[in-house]
Amino acid sequence: MIHTRVTPLRGAAAAHDTLTRGATFLAALAERPVITDGWPQGAHARTRARFVANCLRELDRFLHGLLDELGASAGHVVREEQRNTANKLRDYGVHPLTLGADRARLLALGRSSACLIHCNGVVRRPDVAGGSVMTAGWRATAGDELRLYPLGTRLAPGRAEIIDVCRFYDRLGHRLMLAPPVVPPRRQPAPRKPRIAAAASFQATPCVAHQASS
């Protein structure tokens, strides 16, 4: 079998296509009765919570791959050990796209996925120590603010919430592809000591030693 090396540009295009198709598929799934019939009760609630969390994590993984490909094409050192997509977006470049609301929403989506998987969607931890609410990764019914859930309430993302998340990933991926890559600055070599100064200090040493012995 012959393996060919994929150039960074083709890799980024393929990663973006994967993210777009994933978001489109999940948005279409949210329109089906399996989601629109509402959040199940009893033991089925745990199954639904894990299913939705895994879907959200897949979209996050696709965005993570896109950032790796874009970073490589821009000459960045791709850190494979950095698995937090919000932090990878922060490290991708210095333009405003990597700051503010996009990163905050990715962090909120990470908390939402963890809550769905580990707590069956029941909010156990606030955003900050001593707080009383957790910010979810989807927007409230009205407005652009992310929805807040008090401690003890349950995350039950349905059609509107899932589609909102899919649109967020789709828009972010598109904007990343359009943004010009930020080439990291070259490291400047450390300044070297002038040879004359070094020679002068070397010649002065025996004189000092001779004066001390005399």
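One numbering rule holds for all chains: residues counted from 1, following each sequence as written. In keeping with the model being predicted, local features are shown solely for residues with a pLDDT of at least 70 and side-chain atom pairs are shown and tallied solely at 80 or more, while totals for entire chains, interfaces and linings include all residues. To obtain the side-chain values, all non-hydrogen atoms of the structure were included, while hydrogens and water were left out.

Draft legend 1. Up close: the overall build of the protein chain. Across its full length, the protein chain carries seven helices and two strands. Each helix corresponds to a stretch of at least 4 residues labelled H or I by DSSP, and each strand to a stretch of at least 2 residues labelled E; elements are numbered beginning at the N terminus. From first element to last, N terminus to C terminus, the protein chain shows the α and β order α-α-α-α-α-β-β-α-α. Burial status follows relative accessibility: with a 1.4 Å probe on protein chains alone, a residue under 20% of its type maximum counts as buried, one over 50% as exposed, and anything between as partly exposed. Across the 214 residues in the protein chain, those meeting the buried criterion constitute 36%. Restricting the contact set of the protein chain to residue pairs at least 6 apart, pairs at least 24 apart contribute 63%. The Shrake-Rupley method, run with a 1.4 Å probe, gives the accessible areas here. Residue values count only the displayed protein chains as cover. Element-wise, carbon and sulfur atoms account for 58% of the exposed surface of the protein chain, whose accessible area totals about 13900 Å². Every residue pair with non-hydrogen atoms within 4.5 Å of one another is taken to be in contact.

Draft legend 2. Focus on the pairing of strand β1 (residues 133-139). Summarising burial for β1: five of the seven residues are buried, a large majority. Bridge count between β1 and strand β2 (residues 146-150): four bridges; the pairing is antiparallel. For V133, the partnering residue across the bridge sits in β2 and is P150. We treat two strands as partners when DSSP finds at least two bridges between them.

Draft legend 3. Examining unusual backbone geometry more closely. Positive phi is not limited to glycine here, since N120 has a value of about 55°. Residue position: N120 is located in the loop between α5 (101-118) and β1. Relative accessible area serves as the criterion here: at 25%, N120 is assigned to the partly exposed category.

Draft legend 4. Expanded view of the packing of aromatic side chains. Any two of the Phe, Tyr and Trp rings considered here, Trp counted by its six-membered ring, make a pair once their centres fall within 6.5 Å; the pair's planes then place it as stacked at under 30 degrees, edge-to-face at over 60, or tilted in between. Applying the stated rule across the entire model yields two aromatic pairs. The residue whose ring lies beneath R48 is W39, and the NZ or CZ to ring-centre distance is 5.7 Å. Definition used: whenever NZ (Lys) or CZ (Arg) falls within 6 Å of the ring centre and also within 35 degrees of the ring normal, the charge is taken to sit over that ring.

Draft legend 5. Inspection of the nonpolar core at higher detail. In this text, buried Ala, Val, Leu, Ile, Met, Phe, Trp, Tyr and Cys residues form a nonpolar core when linked through side-chain atoms within 4.5 Å. Judged by nonpolar contacts, the single largest core of 43 residues is most densely connected at L59, L63, L106, L116, L155, Y169 and L176. Residue assignment for this core shows that the elements contributing at least two residues are α1 (8-29), α3 (43-73), α4 (85-92), α5, β1 and α6 (159-178). Among the elements that make up this core, the one with the highest residue count is α3 (12 residues). For L116, the contacting residues outside a window of four places in its chain are W39, A49, R50, V52, A53, L56, G121, L155 and P157.

Draft legend 6. Seen up close, the pattern of salt bridges. For salt bridges, the criterion is a side-chain nitrogen of Lys or Arg within 4 Å of an Asp or Glu carboxyl oxygen. Inspection of the entire model under this criterion finds 10 salt bridges. Of the charged contacts in the structure, one is a salt bridge between D17 and R21, with a shortest N-O distance of 2.8 Å. Of the two residues, D17 and R21 both sit in helix α1, four residues apart, roughly one turn of that helix. E31 serves as the salt-bridge partner of R159, at 2.8 Å between the closest nitrogen and oxygen. A residue pair is termed long-range when its members are at least 10 positions apart, and R159 in helix α6 and E31 in the loop between α1 and α2 (33-36) qualify at 128 residues. Accessibility expressed as a relative area gives 39% for R159, which makes it partly exposed. It is possible to trace a salt-bridge network through shared partners that takes in R105, R139, D144 and D164.

Draft legend 7. Spotlight on the side chain of H16. With respect to the secondary-structure elements, H16 resides in helix α1. Of the residues examined, H16 reaches a relative accessible area of 17% and is grouped as buried. Sequence-distant contacts of H16, defined by excluding residues within four places in its chain, comprise L66, G173, H174 and M177.

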